[in-house]
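Working through the structure, step by step
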Amino acid sequence: MGEAIAAYLHYLPIFGLFALLSIEHVSFSKELDVARARRLVITDLAYGVCAGLVLLTGLVRVIWYGKGWQYYISNSLFHTKVGLFILVGLLSAYPTYVYLNWRNTLKTGQAPVISRREKLLVTMIIRLELLLLLIIPLLATLMARGFGSG
């Protein structure tokens, strides 16, 4: 029963990552007003919390459940999966940086002004994050079926 609950608690924030990143993508592509910019900041914060929960619950599964930590540590797909997750986290730093730079402007009740280049860069990073996040479950599925070890 514990293994099933641990898996479930791992899947929930994964779904949250996809949902929140999709919300970020749609919200960022629209004209920014103060309310939308504030929602983006909050959405990005929630995204960070979900990423932390994915990492925490993933560690719980590796250490106490599944095939045992030795299996995962010696599995090349596990290393690829974790590497992609870290890459997504590093990529997400730039949109977070952009949103955090809006704080002073938002405090004055004004909408942030974004250059065309910055808007394009953030949009492309979010799309790349979504693409990389889509690969991770495929790697997990292959890994669960014995691929990547030995």
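Higher on the page you've got the structure.
Residues numbered from 1 in each chain as written. Predicted model: local features only at pLDDT ≥ 70, side-chain atom pairs only at ≥ 80, totals over all residues. Heavy atoms only, no water.

1. Focus on the overall build of the chain
The number of helices and strands found in the chain is six helices and zero strands. Taken over the C-alpha atoms alone, the chain extends approximately 55 × 30 × 20 Å along its principal axes. Within the chain, the proportion of its 150 residues that are buried is 36%. Counted over contacts in the chain with a minimum sequence separation of 6, partners at least 24 positions apart contribute 82%. A total accessible area of about 9100 Å² is found for the chain, and carbon and sulfur atoms account for 69% of it. Each charge sign in the chain was given a centre, from 14 positive and 7 negative side chains, and these centres are 2 Å apart. (Helix = DSSP H or I, 4+ residues; strand = E, 2+ residues; numbered from the N terminus. Buried < 20%, exposed > 50% of the residue type's maximum accessible area, 1.4 Å probe, protein only. Contact = heavy atoms within 4.5 Å. Areas by Shrake-Rupley, 256 points an atom, 1.4 Å probe, with all protein chains shown as cover. Lys, Arg positive; Asp, Glu negative; His and termini not counted. Charge placed at Lys NZ, Arg CZ, Asp CG, Glu CD.)

2. Observations regarding the packing of aromatic side chains
Using the criterion set out here, one finds six aromatic pairs in the structure. When the ring of F28 is compared with that of Y99, the centres are 6.1 Å apart and the planes differ by 55 degrees; the resulting orientation is tilted. Of this pair, F28 sits in helix α1 (residues 2-29) while Y99 sits in helix α4 (residues 76-100), and the two are 71 residues apart along the sequence. Taken as a pair, F28 and Y99 share a single burial class, namely buried. (Phe/Tyr/Trp six-rings, centres within 6.5 Å; stacked < 30°, edge-to-face > 60°.)

3. Looking at helix α2 (residues 34-64)
Along its 31 residues, α2 runs 45 Å from first to last C-alpha, staying within 8% of the 45 Å computed at 1.5 Å per residue. Buried residues of α2: V34, R36, A37, L40, T43, D44, Y47, C50, V54, T57, G58 and V62, and no others. Those residues of α2 that are buried are in contact with α1, α3 (69-73), α4, α5 (103-107) and α6 (116-144). Two residues or fewer after α2 comes G66, characterised by a positive phi angle close to 70 degrees. (Expected span 1.5 Å × (residues − 1).)

4. Observations concerning the packing of α1 against α2
The relative placement of two packed helices comes down to the angle between their axes together with the axis-to-axis distance. Remark: α1 packs on α2, axes separated minimally by 8 Å, with the N-to-C direction vectors making an angle of 155 degrees. Taken together, the axes of α1 and α2 are roughly antiparallel relative to one another. Crossing hand, α1 versus α2: left-handed. Grouping the constituent residues of the contact of α1 with α2 by class yields 18 nonpolar, six polar and four charged. (Axes fitted to C-alpha atoms, helices over the stretch in contact; angles between N-to-C directions. Parallel < 35°, antiparallel > 145°, perpendicular 65-115°, else oblique. Left-handed = near helix turned anticlockwise from the far one by under 90°. Nonpolar A, V, L, I, M, F, W, Y, C, P; charged D, E, K, R; others polar.)

5. As for the packing of α1 against α6
At their nearest, the axes of α1 and α6 sit 10 Å apart, and the two run at 160 degrees to each other. By the criterion of interaxial angle, the relationship of α1 to α6 is roughly antiparallel. With respect to the hand of their crossing, α1 and α6 are arranged in left-handed fashion. Listed contacts from α6 to L17, F18, L21, S22, E24, H25, F28 and S29 of α1 are K119, V122, T123, I126, R127, E129, L130, L133 and L134. A breakdown of the residues in the contact of α1 with α6 according to their chemical character gives nine nonpolar, four polar and four charged.

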